[in-house]
Amino acid sequence: MSKAERTKQFIIETAAPIINKKGMAGTSMSDIMEATKLAKGGIYGNFESKDEICKEAYSYLSSTLAGRLNEAVTKGKTAKEKLDNLLDVYENKSLSGGCPILNFGIEADDTHPEIKQRVNQSISSARNRIAGILEFGISNNEVSKDIDVKVFSTKAFAMIEGAIMCRRIMDNDEVISTIIETIKKDFESYLI
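Just so you know, these numbers come straight off a predicted model, no measurement behind them.

Another point: the nonpolar core. Membership of the largest hydrophobic core comes to 52 residues, with the highest contact counts inside it found for I19, I32, I53, L86, F104, F152 and I183. For this core, the secondary structure elements donating two or more residues are α1 (3-22), α2 (29-36), α4 (50-75), α5 (79-91), α6 (100-108), α7 (113-139), α8 (149-170) and α9 (174-188). The contact partners of I32, leaving out residues within four places of it in the chain, are I11, A15, I19, T27, I43, K50 and I53.

Structure (structure tokens):
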């Protein structure tokens with residue numbers, strides 16, 4: 001990686017958690033300059049605009065989250081272990097600043113069509129990840145074929161994202177703990 005590529009990656013990795021927490025509109029170039037200790041020219045020498053930094057920040061955050069979730073799922077041997085591991089990532093407060101899918105998605109809804117499209121892809125991937133666990137369980141005769149894979153994966157994803165929002169707003173884990181337990185019980189009702 002060249003020095004220019006390292007600098008660009010440093011800016012993305014440094015700005016990403018700030019943008020995730022403060023929002024795209026709420027994060028100023030001054031915030032990014034202060035965090036990176038780079039002058040405005042050093043930042044604009046690598047990015048055309050703050051919007052470009054936001055796009056790259058979302059890509060970085062969402063791919064980092066996807067990597068952590070995929071790694072957690074891979075560690076499970078059974079469908080139940082895979083789902084439990086995935087849910088543990090969401091429950092253990094490892095999403096400091098909140099989930100980028102939720103944070104960027106809400107803000108990009110009407111204002112950033114390209115980021116909205118990227119968030120849409122992330123939502124599809126998240127639902128597919130859960131669906132893949134269910135399909136794995138069905139193919140290994142662990143999970144009943146009576147489960148509606150699409151409905152369960154959509155419901156679980158939406159419940160998780162809502163619970164993450166509640167945790168941030170309410171400043172406690174009550175809702176996310178309840179939702180994680182609800183998803184686990186619902187899933188267990190389909191175990192063979």
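Before going further, it helps to spend a moment on the environment of Y58. Tracing the backbone through its elements, the reader meets Y58 in helix α4. Among the residues examined, Y58 registers a relative accessible area of 1% and is labelled buried. As for Y58 and P17, which are separated by 41 residues in sequence, their C-alpha atoms are 9.5 Å apart. Excluding residues within four positions of it along the chain, Y58 makes contact with P100, I101, F104, R118, V119 and S122.

Moving on, we come to the UniProt feature "DNA-binding region" (unreviewed entry) in the chain. Mapped onto this structure's residue numbering, the UniProt feature "DNA-binding region" (unreviewed entry) falls at residues 28-47. Helix and strand shares over residues 28-47 are 65% and 0% respectively, and the end C-alpha atoms of the span are 14 Å apart.

Rules behind the numbers
- Residues numbered from 1 in each chain as written.
- Predicted model: local features only at pLDDT ≥ 70, side-chain atom pairs only at ≥ 80, totals over all residues.
- Heavy atoms only, no water.
- Core = buried A, V, L, I, M, F, W, Y, C linked by side-chain atoms within 4.5 Å.
- Buried < 20%, exposed > 50% of the residue type's maximum accessible area, 1.4 Å probe, protein only.
- Helix = DSSP H or I, 4+ residues; strand = E, 2+ residues; numbered from the N terminus.
- Contact = heavy atoms within 4.5 Å.
- UniProt positions renumbered as here; feature names shortened; annotations may be inferred.

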